[in-house]
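Structural features, examined
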Amino acid sequence: MAAYVIADVEVTDEAKFEAYRKLVPATVEAYGGKYIVRGGESMVAEGEWTPHRTVIIEFENFEQAKAWHGSEEYAGPKQMRIDSTNSSVIIVDGL
């Protein structure tokens, strides 16, 4: 069953975040992931959520998504994201 990494990202350091964006796709591919959403226009249809930059990455399963997020390959870029954004990230099973 597919699983998804979903992130809401508010960029606070554009230069550092741009460097992060260049490094991450190779790590996603290495774990069999693919981008479903990577920024783009959004709107709140209901509720109080104020999204910033939404990212959704699909992986083959929950374990693969967790493996990518905790991987050595992603560790450096992940710290760059943490340092250059205010972000929330979840991993969720699909149907």
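To start, this report covers the structure provided alongside it. (Residues numbered from 1 in each chain as written. Predicted model: local features only at pLDDT ≥ 70, side-chain atom pairs only at ≥ 80, totals over all residues. Heavy atoms only, no water.)

1. Some points on the packing of helix α1 (residues 14-30) against helix α3 (residues 72-84)
Spelled out, the test is: Between the N-to-C directions of two axes lies an angle of 0 to 180 degrees, each axis being a line fitted to C-alpha atoms and, for a helix, fitted only over the stretch in contact. Counting from the N terminus, the helices are DSSP H or I runs at least four residues long and the strands are E runs at least two residues long. When an angle is under 35 degrees it counts as roughly parallel; over 145 it counts as roughly antiparallel; between 65 and 115 it counts as roughly perpendicular; any other value is oblique. Each crossing is labelled by how the near helix is turned from the far one, with a counterclockwise turn of less than a right angle marking it left-handed and a clockwise turn marking it right-handed. The contact rule is simple, with two residues in contact once any of their heavy atoms fall within 4.5 Å. Residues are grouped as follows: nonpolar covers Ala, Val, Leu, Ile, Met, Phe, Trp, Tyr, Cys and Pro; charged covers Asp, Glu, Lys and Arg; every other residue, Gly included, is treated as polar.
The contact between α1 and α3 brings their axes to 9 Å, and the two run at 150°. Here α3 runs roughly antiparallel to α1, going by the angle between their axes. The handedness of the crossing between α1 and α3 is left-handed. Of the residues in α3, those touching α1 at Lys16, Phe17, Ala19, Tyr20, Leu23, Val24 and Thr27 are Glu73, Tyr74, Pro77, Lys78, Met80, Arg81, Asp83 and Ser84. Residue composition of the contact of α1 with α3, by class: eight nonpolar, two polar and five charged.

2. So, α3
Quick note on the threshold: Multiplying 1.5 Å by the residue count of a helix minus one yields the expected span of that helix. Using a 1.4 Å probe on the protein chains alone, a residue whose accessible area is under 20% of its type maximum counts as buried, one over 50% counts as exposed, and one in between counts as partly exposed.
Here α3 contains 13 residues, and its C-alpha end-to-end distance of 19 Å stays within 8% of the 18 Å for a straight helix at 1.5 Å per residue. Those residues of α3 that sit buried are Tyr74, Pro77, Lys78, Arg81 and Ser84. Those residues of α3 that are buried lie in contact with β1 (3-11), α1, α2 (62-69) and β4 (85-93).

3. Concerning the pairing of strand β3 (residues 53-59)
Stated precisely, the cut-off is as follows: In short, DSSP must find at least two bridges between two strands for them to pair.
Most of β3 sits inside the fold, with seven of its seven residues counted as buried. In β3, alternate side chains face the same way, and those of Arg53, Val55, Ile57 and Phe59 on one face and Thr54, Ile56 and Glu58 on the other are all buried. Pairing of β1 with β3 involves seven bridges; the strand directions are antiparallel. Within the sheet, the bridge partner assigned to Ala3 lies in β3 and is Phe59. Where strand β2 (residues 34-38) and β3 come together, four bridges link them in antiparallel fashion. Of the residues in β3, the one forming a bridge with Arg38 is Val55.

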